[in-house]
Amino acid sequence: MGRPALRPGRILLISLSLGAVIASAAWAAVPADADTPSGGRTGTAGSAGGESDDLMSALSAFNDPRLSPDGTVTAGAYTAAWNHVTQMPVSTGTFSEVTTQPYDSDALHFRDQNASNSGGSAGYSAGRIAALAVDPTHVGALYAGGADGGVFRSTDDGATWTPIADHLPALSVGSLALMPDGSLWLGTGEATTASDNYAGSGVYRLADPVTGSFSSANRVGGGELDGSSIHEIRLDTAAGYVFAVTSHGVYRRTLTASPASAWVAVLAPCAGIGVSGVTCGVSSTFADIASDVAVQPGSSGRSLVANVAWRSGGAYNGFYYSGNGGTTWSEANPTGAINPKDIGNATFAYSADGSRLYVVMESPTLINKAGSNTVLAGVFVSPSGNIDGPYNQIATSSVLANSGSAMKRTLIGPGYQPGVQAWYDQSLAVDPADPNHVYLGLEELYESRDGGASWQTVGRYWNFGLPCFGYTLAQNTCDGNVMHSDQHALAFSSWPGHAPEVYAGNDGGIYARPTTQTTPGWRNLNASGMLRTLQYYSVGVGALSSGGTAVWGGLQDNGVSFLSPKGSTYQYTYPGTTTPVTEQLNPAGEMSEPFGGDGGDQLVNPANGCQTVGEYTNLAMSLTNNCGYTANDDGTPSAITGIAPSDPNARFIAPFAADTKDSGFWVAGGEYVWGDTKTWSSTSGADWQQLADSGAGHSITAIASRNHVIWAAWCGACNPSSAFGRGILTDYGGSWHQITLPSDFPNRYISGVTIDPADSSGGSVYVTLSGFSRAWHEAPGAGYGHIWRTTDGGATWTDVSGAATAADSFPDAPANRALIAPDGTIVVATDLGVFVDEVSADGPGHWKRLGLTDITAAGNLPTSTAVYLSSSPDSKTLYVATHGRGLWSTPMP
């Protein structure tokens, strides 16, 4: 999540502490006092200080809706919903992948100096990679785990990739591990952020990963790990065990156990498992969160170390030691440079001979300290390999900043120094051939060849702001030691006859190079465009005058993507000129990134696909009328104009849309409802007019307008807690008013508002609700149903989710977006796929899964979270944005 957009003049107002991010043993929300009012933030290359706060907001924006209203969802909710989905009737539709072109985040003519990160030298990008594994017995065999995109296989050392887990119940990946028998083990529920752990469905074992694909039948164990996030799968070959490091503690099973044999908890200090007498010091929500386990080489599999800690601090936080293969544990007492009272999230790495134990660790003290430039406690080594040390400190934030880092204060500005996101970015590995050769991943990638005595930044954050950088290509003399930011995974190859390589997985995909390489440069494993793990928030489509369509979408940490047919062109008359110029939009058949940073909602002119409005964060909208194309190599003239209204309380992903009847009217929502009648002629935020106030402390979560009848849903407080609230505001009937919702209307996050185009009055509306029903909440208020409807302007409401026990009822899973097809069919995107209600055929409340009868067949939508729906300009094609498997399309139902 590390790349701010280059957009000057924005300041992010934030009250969310660095520690207030979900990392739950169940599913849990941040504290009630952690609401995140917004503005914007300074986004120049020289000032990226708000990016860690942006990341916190992003995680809350994705997590909070799913945990509303009370912040906890009992185990089994996701599995129950999936089991229901597999038994639902089917509306036949074949999905096709849209985002198949390589994604060039450095595209030459999409380098607007105020809005784009193109030119920063990250190269081709994919989505966040949470796990990596290299097969030592099959030359060229690599496996990559997308944060929300499942597992991909390469058999040619990253030149090409194939998805092998698209139809598991969960595509959120926490860990991958290859076993001695050649099998690949997958731990679901990403633990990098712990914001997606609701999607975890346990551990899976694929016997032949070189040729096979994962299926539900590959699950290892029972339901004991449902709802867990699994940080690591660790193998203890000598003792015959495999460990799952989870948000519920450490679990173990024998390597020879039958697939159905349960995982057994062996370390959960707060629960008194594996160790006794430990004070917990936090609520059950944040108890027993395990980050890592390491087996000491040369100990016959008996000596293990574990880190169990809540990143914001807890009495149970610490290192734990087992001398009997994990059967019993004791608290370690690290000495030397490590402060045992300030142990947070940590990663271990032993040298291959077990003689040294390296540790990277975040500091709960710093994470709770306002204004911290870093939350990195440091990098340490126990020269004897003993968990108790004594430890030497071998790196600090300052040391790393002075190692060639682009995050040095004098380059990037204050507030964003190495390790500022050490609670999110953390990986560590020792070269198997050299105990002194260490790789460290934080926001950047660092390397030491002398056991930590000195460090070099080998994977810079970007090149912006460096003395070597120039927007004109001839003046850009930066070397190749740069990659996408935010490092999460490291792995090594050791194939006979091939030079050993190191592989780095981060928020932009995978990079590799030989471990012996000391010259700058990396091999980009995303270049084929086949590692398709992009995490979209939105999708919008418009026609191109040269033929075909332009497809746009906002992304997590990868800006806004622009896709057009290879060879497509656009005629544009530049300001101050009178002659149209024909520009080549896509000569190479690749996607580009005209807008940088994080994307959000997206508005595209259906009649002109080169006109789009993208969102950075928090309603920081920008507009282009020429596809963001910059005619000159240096990113000039500017092609993108900022048009953000000044709103005090916009959501991280704030909604905006065009009126579905009057394309000359736009609406947007922060705390206020905003209207814009200048639309594509807008030149600044001053073109937005404030129309209504949703209420102090409220933030609009969804908005729609038809013939200037506006409906806006809001939350406030938005964090799941006893203070959570939601409501609906409208001007239906001619004046603004809050809707009085009935007592049985769920008190959950309202994720979407859709006005029925068949009702010219604008009084027929569908709303979608996120989260899970009352059946999975201990506290009252969650209610039932995910799709509610009014036909009388909000005077009465009906749950059209269907009878809860019926096979054709709507699944009890978060609903994210609704669209009404031309024939009146209701189409809804959810965390478990896309569902339709053919209202004209059998009345409302009878739902079908959109796809093929065989839920595992190619042609179905992968089970990555479907977050957004858009129609093609001719209304014949439905586009679906997924948060982990890119963009897809299918004939409109």
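Here we summarise the structure given alongside this text. Everything numeric in this text was worked out from a predicted model, so none of it was measured. (Residues numbered from 1 in each chain as written. Predicted model: local features only at pLDDT ≥ 70, side-chain atom pairs only at ≥ 80, totals over all residues. Heavy atoms only, no water.)

Regarding the side chain of H777
Going by this rule: The secondary structure listing takes helices from DSSP runs of H or I that are at least 4 residues long and strands from runs of E that are at least 2 residues long, numbered from the N terminus. Buried residues are those whose accessible area, probed at 1.4 Å on protein chains only, stays under 20% of the maximum for their type, while exposed residues exceed 50% and partly exposed ones sit between those limits. Identification of polar contacts relies on pairs of N or O atoms within 3.5 Å, with a donor-acceptor requirement for protein atoms, meaning one able to donate a hydrogen and the other able to accept it, and with residues adjacent in sequence counted only if both atoms are side-chain atoms. Whether two residues touch is decided by their heavy atoms; if any such pair falls within 4.5 Å, the residues are in contact.
Mapped onto the fold, H777 is located in the loop between β51 (765–769) and β52 (787–790). The class of H777 is buried, set by a relative accessible area of 3%. Here F772 takes part through its backbone oxygen, which lies 3.2 Å from a polar atom of the side chain of H777. Non-local contacts of H777, meaning those with residues more than four positions away in its chain, are made with L67, S68, P69, D70, T72, V73, F772 and A782.

Here's the deal with empty space enclosed by the protein
The line we're drawing: Cavity means a closed set of points on a 1 Å grid over the protein atoms alone, one where a 1.4 Å probe fits but cannot get out, pocket means an open set with protein on both sides within 12 Å along at least 5 of 7 lines, and lining means a residue has an atom within 4 Å of a point. Grid points are joined across faces, edges and corners, and a volume is the space filled by probe spheres set on the points. Residue classes follow a fixed rule: Ala, Val, Leu, Ile, Met, Phe, Trp, Tyr, Cys and Pro count as nonpolar, while Asp, Glu, Lys and Arg count as charged, and any other residue, Gly among them, counts as polar.
Evaluation of the coordinates by the stated rule reveals nine cavities of 30 Å³ or more. What the largest cavity holds in volume is close to 420 Å³. Forming the boundary of the largest cavity are 20 residues, of which Y537, I653, Y749, S751 and V867 lie nearest the centre. When residues of the lining of the largest cavity are traced back to their parent elements, those giving at least two are α1 (51–67), β54 (815–820) and β58 (866–871). In terms of residue count, the dominant contributor to the lining of the largest cavity is α1 (five residues). Of the residues contributing to the lining of the largest cavity, the split by class is twelve nonpolar, four polar and four charged.

Remarks on the nonpolar core
The condition is simple: To define a nonpolar core, start from buried Ala, Val, Leu, Ile, Met, Phe, Trp, Tyr and Cys residues and group those joined through side-chain atoms within 4.5 Å.
Ranked by internal contacts, the top residues of the largest apolar core, which has 25 residues, are V85, I787, F810, V828, L832 and W847. Elements represented by at least two residues in this core include exactly α2 (77–86), β54 and β55 (826–830). Of all the elements, α2 adds the most residues to this core, at five residues. Setting aside residues up to four positions removed in sequence, F810 forms contacts with H84, H786, I787, S801, A815, V828, T830, F835 and W847. Residues I367, I394, L440 and L442 belong to the second largest nonpolar core, which totals 22 residues.

Here's the deal with the pattern of salt bridges
Put simply, the rule reads: Salt bridge, as used here, is a side-chain nitrogen of Lys or Arg placed within 4 Å of a carboxyl oxygen of Asp or Glu.
Applying the stated criterion to the full structure yields 16 salt bridges. The partner of D831 in a salt bridge is R66, and the shortest N-O contact between them spans 2.9 Å. Of this pair, D831 sits in the loop between β55 and β56 (833–837) while R66 is found in helix α1, placing the two residues 765 residues apart along the sequence. The pair D831 / R66 is uniform in exposure class, with both members buried. A salt bridge links D226 to R219, with the shortest nitrogen-to-oxygen separation between them at 2.8 Å. Owing to a relative accessible area of 24%, R219 belongs among the partly exposed residues under this scheme. Three or more residues joined by partner-sharing salt bridges are found here, namely E97, D166, R532 and R885.

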